[in-house]
Amino acid sequence: MASEQPAADAALFRAMRRTWERVDPHPADLIDRMVAAVAADDLSTEYALLTLVESDAVAAVRGDADLLTLQFSDGTTTVLIHVTVTDRGGRRIDGWVDGDASSAVLEQDSRELSTPVEGGRFSFDEVAAGPARLRIAPGSDGVELRTPGFEL
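One structure accompanies this document, and this report is about it.

Each value, and the rule that gives it
- Residues numbered from 1 in each chain as written.
- Predicted model: local features only at pLDDT ≥ 70, side-chain atom pairs only at ≥ 80, totals over all residues.
- Heavy atoms only, no water.
- Helix = DSSP H or I, 4+ residues; strand = E, 2+ residues; numbered from the N terminus.
- Buried < 20%, exposed > 50% of the residue type's maximum accessible area, 1.4 Å probe, protein only.
- Contact = heavy atoms within 4.5 Å.
- Areas by Shrake-Rupley, 256 points an atom, 1.4 Å probe, with all protein chains shown as cover.
- Polar contact = N/O pair within 3.5 Å; in protein donor to acceptor, adjacent residues only side chain to side chain.

This part covers the overall build of the protein chain. Looking only at helices and strands, the protein chain has four helices and ten strands in total. Taken from the N to the C terminus, the helices and strands of the protein chain come in the order α-α-α-β-α-β-β-β-β-β-β-β-β-β. Every one of the 152 residues in the protein chain was classed for burial, and the buried ones make up 30%. When contacts within the protein chain are restricted to residue pairs at least 6 apart in sequence, those whose partners lie at least 24 apart make up 42%. Carbon together with sulfur atoms contributes 55% to the accessible area of the protein chain, which is approximately 10000 Å² in total.

Spelled out as structure tokens, the structure:
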């Protein structure tokens, strides 16, 4: 008797599905619209524009060949970061945000480092080299900015 119940339930669900498909069919383009809506959802927070700013001129002046400058923007907020190698082999990140932000969070693998944004400026000392992402938490209003991954 227990083995008959799932089969009876499945038959009932098939009958209900056929009825609803006949009475109230879904729009023909529903699947395409849903895929597009999901793909476009929160593009500004997931996919920030990444621009590599040439740092050759700065390196020649400062003699710092290990300087990396990156700029991220989602159209409303822009973040500029300078990454330098420290004496101990770690990385120092100095960053500036042009919008209202409360904190900057650096994500590396399963580790997160957080620092407050004060006057549009933030920094991280002795960060390990490797892949990273930066998350800028909004201040009183706004949308969180998430950068694509980059290499430190």
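Now, onward.
Attention now goes to unusual backbone geometry. Here D109, not a glycine, exhibits a phi torsion of approximately 50°, which is positive. In this structure, D109 sits in the loop between β5 (101-108) and β6 (111-116). A residue is classified by how much of its surface remains accessible, and D109, at 77% relative accessible area, is exposed. In this structure, E126 is a non-glycine residue whose phi angle is positive, near 50°. In this structure, E126 sits in strand β7 (residues 121-127).

This brings us to the side chain of E107. Tracing the backbone through its elements, the reader meets E107 in strand β5. The buried category is assigned to E107, whose relative accessible area is 16%. Here R135 takes part through its side chain, which lies 2.3 Å from a polar atom of the side chain of E107. Ignoring any residue separated from it by four or fewer positions in sequence, one finds E107 in contact with E112, P131, A132, R133, R135 and R146.

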